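Chain residues, written in single-letter form:
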Amino acid sequence: MQQLQDLQNPELLATAQDYSEDETTDRDSGLYRAEYVMSFVEKWDELIDWEARARSEGKFFIQMLQALGANRVLDVACGTGFHSVQLMQAGFDVTSADGSAAMVAKAFENGKKHGLILKTVQADWRWLTRDIVGTYDAVVCLGNSFTHLHDEADRRRALAEFYSVLGPDGVLILDQRNYDSILDDGFSTQHKYYYCGEQVTAEPEYVDEGLTRFRYTFPDESVYHLNMFPLRKNYTRRLIGEAGFQAIKTYGDFKETYQESDPDFFIHVANKA
Ligand code: SAM
């Protein structure tokens, strides 16, 4: 029994999020692994209606990847597998990576529910090439994931890793929340974000230039948090450019033209060459 426990992944056994007494001091790029405890992952996935999410995103990513002629796609933040499943169903050759053991386990389970065997890998972006071999036509980092990196050096390291796993004509697609609007419009006028319907309420509980702490409230009144770095749009674009990517195009809520403060999400599309 003891031996079995030793073999079990402690990340999969953690049941509660565990922040410091002053949670706003928790600003480490490795924090995400303790934040995505299994109960949060399970609850999240139970409530997020994949069909509603697919409807709200439309075929944006599929069409973009098809237009770019991509086949081999690395989903570096696969989470519970939503985009990996969508992309596999659309015919792409997808590898599904995530640094969280709970997420990778859930993604694999969700793949099976859709009749698919996902090629899953547990890999942290900062050391992606330790676990990922070969090159890809596209790297996708979606669902406001890049925001989990709290240090600039880690952001640069991750982008360099994304760059290095792409073939010469490869493309990076990375999205983020519109933090400019959260930072500039202030705490009192913040938007309330409803993630695919009205079941999960996500709202910023604390905001400064170095931290956005989001509170997620579920219908059973259980509450979870995520500490994230508020990426300003032009800052992300600059980092992507400085990592060597070319021709960075930023969409707002899937549209090419938008008022800066309007979109909830920005999607950056950048070419390696
Ligand atoms: N893309 C999924 C979606 O849209 O549903 C998941 C989004 S979730 C907000 C962010 C994901 O990024 C989590 O699954 C988390 O484990 C992963 N993540 C955060 N930091 C990471 C890192 N340094 N390396 C690998 N994965 C990371």
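For clarity, every value in this text was computed on a predicted model and none was experimentally measured. (Residues numbered from 1 in each chain as written. Predicted model: local features only at pLDDT ≥ 70, side-chain atom pairs only at ≥ 80, totals over all residues. Heavy atoms only, no water.)

Caption draft 1: Fine view of the site of the ligand. Around the ligand sit 19 residues, and of these Arg-53, Ala-77, Asp-98, Trp-125 and Leu-142 come closest. Between the ligand and the protein, one listed contact pairs a nitrogen atom with a backbone N or O atom of Ala-77 at 2.6 Å. Protein coverage of the free-state accessible area of the ligand, which is 590 Å², stands at 95%. More than half of the atoms belonging to the ligand lie within 2 Å of the grid points that define the largest cavity. (Near = heavy atom within 4 Å. Polar contact = N/O pair within 3.5 Å; in protein donor to acceptor, adjacent residues only side chain to side chain. Areas by Shrake-Rupley, 256 points an atom, 1.4 Å probe, with all protein chains shown as cover. 1 Å grid on protein atoms, 1.4 Å probe; cavity = no way out; pocket = protein on both sides within 12 Å on 5 of 7 lines; lining within 4 Å. Sits in = over half its atoms within 2 Å of the grid points.)

Caption draft 2: Structural context of the pattern of salt bridges. As enumerated under the stated definition, the model contains 20 salt bridges in all. Close ionic contact of Glu-42 with Lys-106 constitutes a salt bridge, the shortest N to O distance being 2.9 Å. In this pair, Glu-42 sits in helix H4 (residues 38–47) while Lys-106 sits in helix H8 (residues 101–113), placing the two residues 64 residues apart along the sequence. Using a relative accessible area of 5% as the deciding quantity, one classes Lys-106 as buried. We note a salt bridge from Arg-215 to Glu-205, for which the minimum N-O separation is 3.2 Å. With a gap of 10 residues between them, Arg-215 in strand S8 (residues 211–217) and Glu-205 in strand S7 (residues 201–208) connect regions that are remote in the sequence. You can call Glu-205 partly exposed: its relative accessible area is 29%. Among the charged side chains, a salt-bridge network with shared partners connects Glu-42, Lys-106, Glu-109 and Lys-113. (Salt bridge = Lys/Arg side-chain N within 4 Å of Asp/Glu carboxyl O. Helix = DSSP H or I, 4+ residues; strand = E, 2+ residues; numbered from the N terminus. Buried < 20%, exposed > 50% of the residue type's maximum accessible area, 1.4 Å probe, protein only.)

Caption draft 3: Up close: the sheet that holds strand S1 (residues 72–75). Strand order in this open sheet of 7 strands is S3-S2-S1-S4-S5-S11-S10, and the pairing throughout is mixed. In the strand order of this sheet, the two ends are held by strand S3 (119–122) and strand S10 (246–252), each with one partner. When the angles between neighbouring strand axes are averaged without regard to direction, this sheet yields 20 degrees. Judged from the 4 bridges that link them, strand S2 (residues 93–98) and S3 form a sheet pairing that is parallel. Note on S3: the bridge partner recorded for Ala-97 is Val-121. Running over the sheet, helix H7 (residues 82–89) touches S1, S2 and strand S4 (136–141) and is turned about 175 degrees from S2. Strands in contact with H8 are S2 and S3; relative to S3, the strand with the most contacts, it is inclined by about 175 degrees. (Pairing = 2+ DSSP bridges. Axes fitted to C-alpha atoms, helices over the stretch in contact; angles between N-to-C directions. Contact = heavy atoms within 4.5 Å.)

Caption draft 4: Here's a closer look at helix H6 (residues 60–67). Those residues of H6 lying buried are Phe-60, Phe-61, Ile-62, Met-64 and Leu-65. Count one or two residues on from H6 and you reach Gly-69, which has phi positive near 75 degrees.

Caption draft 5: Highlighting helix H10 (residues 152–164). The terminal C-alpha atoms of H10, which comprises 13 residues, lie 18 Å apart, in line with the 18 Å expected from a rise of 1.5 Å per residue. Of all the positions in H10, only Asp-154, Arg-155, Ala-158, Leu-159, Glu-161 and Phe-162 are classed as buried. Viewed end-on, H10 has its buried residues packed into an arc of 160 degrees, placing them on one side of the element. Along its buried surface, H10 packs onto helix H9 (128–131), S4, strand S5 (166–177) and helix H12 (233–242). (Expected span 1.5 Å × (residues − 1). Arc of directions from axis to C-beta.)

Caption draft 6: Main features of the nonpolar core. Phe-40, Leu-74, Trp-125, Phe-146, Phe-162 and Tyr-216 are the most contacted members of the largest nonpolar core, which totals 49 residues. Top contributing element to this core by residue count: H4, with 5 residues. Beyond its immediate chain neighbours, meaning those up to four positions away, Tyr-216 contacts Phe-40, Trp-44, Arg-177, Val-200, Thr-201, Ala-202, Ser-222, Val-223, Tyr-224, His-225, Leu-226 and Met-228. If you look at the next biggest cluster of nonpolar residues, it comprises 18 residues, including Ala-70, Leu-87, Val-140 and Leu-142. (Core = buried A, V, L, I, M, F, W, Y, C linked by side-chain atoms within 4.5 Å.)

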